[in-house]
Structure formats: C-alpha cells, structure tokens
Amino acid sequence: MLSERRLEVLRAIVQDYVGTEEPVGSKALTERHRLGVSPATVRNDMAVLEDEGYIAQPHTSAGRIPTDKGYRLFVDKLAGVKPLSVPERRAIQNFLDGAVDLDDVVGRTVRLLAQLTRQVAVVQYPSLTRSTVRHVELLPLAPARIMLVLITDTGRVEQRLVDCPAPFGEASVADLRARLNSRVVGRRFADVPKLVQDLPDAFETDDRPTVQTVLSVLLEALVEESEERLMIGGTSNLTRFDHDFPLTIRPVLEALEEHVVLLKLLGEAKDPGVTVRIGHENPHEGLTSASVVSVGYGAGGPQNEALAKLGVVGPTRMDYPGTMGAVRAVARYVGQILAES
C-alpha cells in the first residue's frame, strides 16, 4: 500500500502530465503543488512509485510519466468525477432537446460528446432486445396488402410491407390491430413471440394464414433490428494526440472501424455505471495505448438495466475526471429525452 503522501505525489504527476504533455520532475512538482516536503523527499517518493510500476521514465527525459497502472490507481482512488458547470449542462440540454427522432438523438449525442471531451465519441443505438413495444400499427393498403409499423419505447420506428395470402378486410385489420396491441404493448421484444403464438386461434379459419403472415413479419422485424448499431464521431480529434501514440494512430483508427471491437469495449450495456479501461486493459491490440470511458444510458425497469452504452476513446493521457463527468452528464440527458419521447 502506498502512503497518503505518495498517493498525493502520483496525483500531482498525473495532473501535470495530462495538463502539460511534458514528463514531470521533482523540482516542478514541489513548485506547482503544496506537497509540504522537500524536492529530495519527492525524488525519493518518485523512486518508490517507479519501482512499483506506477510511473516510468521515457528515455529522452529526466522527468517521469504515469504508466497504465498509475492511471488505474488515479482513476480508482484519486480522481473524483468532475461535475459540469451550469452553462455546460444547459448547453447539453438545449442541443439535445432539438432532436426530432432517434437517429437525430444519437447523431447529436455523438457530436456533443466529441466536442465536450475532444476525443472520439461512440454511441450505441438502444438495443431492441431490451426495448419494449409502444404500439403496433396496421394500415390496409390494398385488399391483400398491409403496412406494419412497429414503434418502440425509445422512439424507434420500423416499417414492413405484408403481402397477405388472401384478401383481409378493414374490419379484420382493425380487430387484429386491437388484439395484437392488447398483448404486446409495454412488453419486452424478447417476450413477444410467446405472447402472440396462439393469436391466430382467435380468428376464423380462413383468416388464420393472414394473421400468421402478419405475425411472421413482425417477429422477423424484431430479429433483424436487434442487431447492435453504433455511431462514431470526432475521429479527427485523434490527430491532435498523434504524439501520444507510440508509433502511429493507424492501429487505433483500424480498431475504431471494427464495430464488434467497439461493442466489446463499451461493455455489457446492462451495467449503467461509468467504466474506464486503460491502455493494456483493452483486449484489442490496436487500443493498448488508448483509454475508453463508457457509461450506460436510458436505465430503467425492474432490473435498472441500461438500454445501451455511450463513451469516448482517447489517449491514456486523458483528463479522466472531466471525461467521466461529461460522459455521465450526456448519458443522463439522453436517458431523459428517451424517457420523455
């Protein structure tokens, strides 16, 4: 266990290195921070921190920089989440309030996160596996053709054309619409197949093939749309940190193109809390010099599960308290908008 004083020295090294981009020496630390001890004592503390793997000396400099292990201790023990100012919070709310639909909410969220943190922003669309049905609309277009419109609790709208095996009158369409909604409104997508499996039995024998066709189209829509989708923004921000990546930013850019990798990095959406993965904690080789800060949004329901995740990707030399605060605040507002929509 490190002493309180050595923890304070580590905190000062992280703060200075993140702020100045320069390796940090003992003299500069004692000048900038009220550590209450001599430079010689700080030098001794830094030697212990280096021996224990919390800081390292880049070959070109006499100063020290934090390692992944040092950043991890900083995040876990030393860094509070920096709250956003009132004007920042108001700006977030005003920007997101203008969104007209789910795609617009996700697009605005990506732009906002990238601007606030000056990192790469990643937003996962709300997963339909955790969504519930708000309404199913059936619109007769022709005697044997129906438009099926599925509306989710997150405001997502899916449309499908249904070609019926036989003519299906408007009264029958209205009857099916009413029976269908009485069973599925407010229910999770995963529960829908079981809830509608005996619905055709409630109709005349001649109408059952059509009812079955409509249900098949509905269930297909659920399966297709439950594939995870992402939106990414602010990749140009990485060029500002070119010197933070040991060789080149190319491996990071390649990793960002692989949505499967990003979904794994964002982590299980069920967990609504802030997650920070630093450097080598990231399983993907291209991201061992990057950090990922993510959080769930749209939490609710009996298990308080989040609907999806959002987060940022940047260099390990990151303003962790500020980034964690921005990510958490944006997630809270997006959750509110989805709840009200």
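Residues numbered from 1 in each chain as written. Predicted model: local features only at pLDDT ≥ 70, side-chain atom pairs only at ≥ 80, totals over all residues. Heavy atoms only, no water.

Here we look at the overall build of the chain
Along the backbone of the chain there are 12 helices and 10 strands. Relative to the globule expectation of 20 Å for 341 residues, the C-alpha radius of gyration of the chain, 26 Å, shows a markedly less compact shape. Projecting the C-alpha coordinates of the chain onto the three principal axes gives extents of approximately 90 × 40 × 35 Å. Residues classed as buried in the chain amount to 48% of the 341 residues present. Partitioning the intrachain contacts of the chain with sequence separation of at least 6 by distance along the chain shows that 61% fall at a separation of at least 24. In the form shown here, the chain has an accessible surface area of approximately 16,500 Å², with 49% of it arising from carbon and sulfur atoms. Placing the 39 positive and 46 negative side-chain charges of the chain at their respective mean positions leaves the two points 7 Å apart. (Helix = DSSP H or I, 4+ residues; strand = E, 2+ residues; numbered from the N terminus. Rg over C-alpha atoms; globule rule 2.2 N^0.38 Å. Buried < 20%, exposed > 50% of the residue type's maximum accessible area, 1.4 Å probe, protein only. Contact = heavy atoms within 4.5 Å. Areas by Shrake-Rupley, 256 points an atom, 1.4 Å probe, with all protein chains shown as cover. Lys, Arg positive; Asp, Glu negative; His and termini not counted. Charge placed at Lys NZ, Arg CZ, Asp CG, Glu CD.)

A short note on the sheet that holds strand β4 (residues 133–142)
Taking strand neighbours across the sheet as the criterion, the three strands line up as β4-β5-β6 in an open arrangement whose pairing is antiparallel. Among the strands making up the open sheet, the edge pair consists of β4 and β6 (157–163). Mean inter-strand twist for the sheet, computed between neighbouring axes without regard to direction, equals 20°. As paired strands, β4 and strand β5 (residues 145–152) are joined by eight bridges and run antiparallel to one another. Within β5, the position partnered with Val-133 by the bridge is Thr-152. Of the strands in this sheet, β4 and β5 are in contact with helix α7 (residues 170–184), which crosses β4 at around 170°. (Pairing = 2+ DSSP bridges. Axes fitted to C-alpha atoms, helices over the stretch in contact; angles between N-to-C directions.)

Notes on the domain arrangement of the chain
Entries for the chain in the domain assignment read domain 1 (4–66), domain 2 (86–127 + 228–340) and domain 3 (132–226). Look at where the C-alpha atoms of domain 2 and domain 3 centre, and you get two points 35 Å apart. (Domains from an automatic or database assignment.)

A word on the pairing of β5
Here β5 lies mainly inside the structure; six of its eight residues are buried. Counted between consecutive antiparallel strands, the loop separating β4 from β5 contains two residues. Direction of pairing for β5 relative to β6: antiparallel, over a ladder of seven bridges. If you follow Arg-145 over to β6, its bridge partner there is Asp-163. Linking β5 to β6, which pair antiparallel, is a turn of four residues; within it Gly-155 sits at a positive phi near 90°.

Describing the pattern of salt bridges
Within this structure, the stated rule accounts for 15 salt bridges. With a closest N to O distance of 2.7 Å, Glu-50 and Arg-64 form a salt bridge. Placement of the pair is Glu-50 in helix α3 (residues 39–51) and Arg-64 in the loop between β1 (55–56) and β2 (65–66), with a sequence separation of 14 residues. What makes Arg-64 buried here is its relative accessible area of 17%. (Salt bridge = Lys/Arg side-chain N within 4 Å of Asp/Glu carboxyl O.)

Observations regarding empty space enclosed by the protein
Under the definition given, this model contains one cavity of 30 Å³ or more. Space inside the largest cavity adds up to approximately 30 Å³. In terms of lining residues, the largest cavity is bounded by Leu-102, Val-105, Val-106, Thr-109, Val-123, Pro-126, Tyr-297, Val-334 and Leu-338. Within the residue set of the lining of the largest cavity, elements represented by two or more residues are α6 (102–117) and α12 (320–340). Tallied by class, the residues present in the lining of the largest cavity amount to eight nonpolar, one polar and no charged. (1 Å grid on protein atoms, 1.4 Å probe; cavity = no way out; pocket = protein on both sides within 12 Å on 5 of 7 lines; lining within 4 Å. Points joined across faces, edges and corners; volume = space filled by probe spheres on them. Nonpolar A, V, L, I, M, F, W, Y, C, P; charged D, E, K, R; others polar.)

Some remarks on the packing of helix α5 (residues 86–97) against α6
The N-to-C vectors of α5 and α6 enclose an angle of 155°; their axes lie 9 Å apart at closest approach. In terms of orientation, α5 and α6 fall into the roughly antiparallel class. Between α5 and α6 the crossing geometry is right-handed. In this structure, α5 contributes Ile-92, Phe-95 and Leu-96 to the contact, and α6 contributes Val-105, Arg-108, Thr-109, Arg-111, Leu-112 and Leu-116. Looking at the contact of α5 with α6, its residues break down into six nonpolar, one polar and two charged. (Parallel < 35°, antiparallel > 145°, perpendicular 65-115°, else oblique. Left-handed = near helix turned anticlockwise from the far one by under 90°.)

A short note on a nonpolar patch on the surface
A cluster of nonpolar residues, Leu-139, Leu-141 and Leu-161, forms a patch on the protein surface that exposes about 270 Å² of accessible area. The topology assignment puts Leu-141 in strand β4. (Patch = residues over 30% accessible without salt bridge, like charges linked within 9 Å, V, L, I, M, F, W, Y side chains within 5 Å.)

Considerations on the packing of helix α10 (residues 250–257) against helix α11 (residues 259–266)
A pair of packed helices is captured by two measures, namely the crossing angle of their axes and the spacing between those axes. Relative to each other, α10 and α11 sit at 90°, their axes nearing to 5 Å. The pairing of α10 with α11 is recorded here as roughly perpendicular in orientation. In this structure, α10 contributes Ala-255, Leu-256 and Glu-257 to the contact, and α11 contributes His-259, Val-261 and Leu-262. Of the residues contributing to the contact of α10 with α11, the split by class is four nonpolar, one polar and one charged.

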